Structures are given as structure tokens and as C-alpha cells.
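# Architecture and fold: a report
Below are the chains, spelled out letter by letter.
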Amino acid sequence: MPLQDTAEILWNEQQSTCYFKMGLRSPALARAAAPGQFVMVRVRDSTDPVLRRPFSIHNLLGEGERLRGFEILYKVVGRGTAILSELRAGEHVGVLGPFGNGFTCPEGLQNVFLVAGGIGIAPLYYLASLLESMGRGRPLWCTLFFGGRTYSDILCKEAFHVIGVDLRISTEDGSLGHKGLVTSLLKRELASGESPDIIYACGPEPMLKETFRIAASFDIPCQLSMESVMACGFGACLGCAIKGKGPGYLHVCTDGPVFDPSLLGW
Ligand SMILES: Cc1cc2nc3c(=O)[nH]c(=O)nc-3n(C[C@H](O)[C@H](O)[C@H](O)COP(=O)(O)OP(=O)(O)OC[C@H]3O[C@@H](n4cnc5c(N)ncnc54)[C@H](O)[C@@H]3O)c2cc1C
Ligand code: FES
């Protein structure tokens, strides 16, 4: 059952050119959230803009009894996110969630690949933290393949490093890491004999399609977090429909956002 909260903004800090990280006080919502799930945020306490905007849970703030909220990591792309970027600590936003089906982590994982394109990094930090806590006391290797157009799209490097994630970076203009697409890095690593138990990915659809194609060619299961424009976030407007494998449609908000790609009509 999704929760509705008016969350205090704990911080809203610019990370890079057009990227911000916002900490929100909402212990109940943080307790309910799983990696890959998202919240719908009302960016202003008025009917303009009328629709809430979806954002992935990026990170939990605190643990156990001391869990006080969560973070979102967002890119300013239009009006809603521009309004969000101007809010200050101490102000409040309406949040609804958590929504959707997140990533699932089968027992016994030992070697995991994460693949992110641009702001697709947002849900993968919470997932990586969970994997890190699952791995305590036994080996669990986690490698992040992270691609962006340029160096300023590559966020949270240090945070991933601190929790023991191995990073492989690519940029299209060669300003950081390998020059080219992140999927070429992924393909190269798999071709060298690395064989992860699973690949989790989030990013633009062409990147997800190529990740699926590569994963299938190496016979590695994957889970993909998809995006679509969303009006409600909970199955009422049917605006987030995408083609399923069969004759029908899937809804990113209720069937996803994380999908087994074999169910998608690609
Ligand atoms: C499940 C889910 C999780 C998301 N998590 C994050 C996140 O963690 N961080 C983040 O920065 N963004 C995330 N997004 C995308 C984010 O919701 C949109 O960027 C945001 O709603 C845009 O609002 P806006 O008013 O600023 O832009 P608008 O003025 O509404 O649109 C500006 C441009 O962005 C495009 N756009 C709008 N919404 C989306 C969308 N959902 N997907 C792709 N393009 C869109 C529009 O087509 C337009 O070109 C997520 C989207 C979904 C569906
Ligand atoms: S966003 Fe309304 S049905 Fe999915």
C-alpha cells in the first residue's frame, strides 16, 4: 500500500552541471522502499504543474531504528525538475509511494554487473548498497559499467567506490574513461571471460536494448529498469503502456519499472 507524506527537504545539493541530490525526511516511506522502486513527487504545493513527477529511490538515509528518509538523484530536464532544483532545505514536498516492482536479488549471488547510462545511475546506488550488505561475510563482487555523454554525467563515483564497487567508466566524448558507449565496455568485459550471475541495468532505452542483446548472447540473465512518461504512477491513467511480448501492453508503473526483458515486446 503506497504511503502519502509531506517530506521535509533535508538538502538539495547540486552535484554537477544539471544534476541535484535531494534528501527527504520520511522514515515510513524509506522503511517501505525496495531498490528499483520509485516515488511520485509533487514539486510544488499547487496545481501548476498538475502532475507529480516520478523519481527512483537513490539511497536510504540511516539504518534500522535510525532510518530517517531517503535521497533522490535527479537531472533537470524540464519545468518540474527546474522547480524542484530551486527548493531549499527546510521546505516540504508531497511524496507518494513507493511504487512499482523493484530489482530482485536471488540468493547466492557472487558476481554482479550493474550497467548505467546517465541519470540511470539513480536507482543503482541503493541496489549496490543492498548487495554490499548481502555480501557481508562472504565474497560478492560488484562491477558498475557507467556511461555518459561527458565527464559531468558521471556522478557518485566516490560513493560507489566506498561500498566496494569496481567502476568501469565510459564517455562518448572521451573526457573520462573509455571513449565510446558503455555497452561496448560491457561487451569487452564479457568477451574477456568474466561471467556475472546477473546484470542489472538502468538508462536510455537503446542502451537497455543493447545490454539485453549482449547479455542474451552470453546467456546471462538481466533485469532492466525502464522509463516512460507517467501521469499517475499507480495504474490509473494507462499512460505508461509499453508493448509486451504477447498481444497486450505492460505498464511501467505497475508491471515495472524493473522488467525481465524476455517479457518485453522488443
Ligand atoms: C520510474 C521512473 C523513475 C525515474 N527516476 C528518475 C530519477 O531517479 N532521476 C531523474 O532525474 N529522473 C527520473 N525519471 C525521469 C523523471 O521523472 C523525468 O525526467 C521528470 O518527470 C521530468 O519532469 P520535468 O517536468 O522536469 O520535465 P518535462 O517538462 O515533463 O519534460 C522535459 C523533457 O523530459 C522528457 N521526459 C519527461 N518525463 C520523462 C520520463 N519519465 N522519461 C523520459 N523522459 C521524460 C520529456 O519528453 C521532455 O522531453 C524517472 C522516470 C520514471 C518513469
Ligand atoms: S503512470 Fe498511470 S498507469 Fe502508469
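Preceding this paragraph is the structure being described.
Rules used in this analysis
Residues numbered from 1 in each chain as written. Chains lettered and ligands numbered in written order. Predicted model: local features only at pLDDT ≥ 70, side-chain atom pairs only at ≥ 80, totals over all residues. Heavy atoms only, no water. Helix = DSSP H or I, 4+ residues; strand = E, 2+ residues; numbered from the N terminus. Near = heavy atom within 4 Å. Polar contact = N/O pair within 3.5 Å; in protein donor to acceptor, adjacent residues only side chain to side chain. Areas by Shrake-Rupley, 256 points an atom, 1.4 Å probe, with all protein chains shown as cover. 1 Å grid on protein atoms, 1.4 Å probe; cavity = no way out; pocket = protein on both sides within 12 Å on 5 of 7 lines; lining within 4 Å. Sits in = over half its atoms within 2 Å of the grid points. Nonpolar A, V, L, I, M, F, W, Y, C, P; charged D, E, K, R; others polar.

### A word on unusual backbone geometry
Here G97 and P98 are connected by a cis peptide whose omega angle stands at -5°. Structurally, P98 can be placed in strand β7 (residues 92-99). Cis rather than trans, the peptide bond between G256 and P257 has omega equal to 10°. Inspection of the secondary structure puts P257 in the loop between β15 (249-251) and β16 (258-259). Although it is not a glycine, C156 adopts a positive phi angle of roughly 65°. Examined against the element boundaries, C156 turns out to sit in the loop between β9 (141-148) and α4 (157-162).

### Thoughts on the site of ligand 1
Within the structure, ligand 1 sits among 19 residues, and R53, P54, G80, T81 and E227 are positioned closest to it. Within the backbone of S56, an N or O atom sits 3.1 Å from a nitrogen atom of ligand 1. Between ligand 1 and G80, the relevant distance is 2.7 Å, taken from an oxygen atom to a main-chain nitrogen or oxygen of the residue. Bound to the protein, ligand 1 loses 73% of the 870 Å² it would expose on its own. The cavity where ligand 1 resides is the largest pocket. Among the elements of the structure, β4 (53-56), β6 (69-75) and α2 (79-85) are those that each provide at least two residues to the shell around ligand 1. Its residues assigned to classes, the shell around ligand 1 comprises 10 nonpolar, five polar and four charged.

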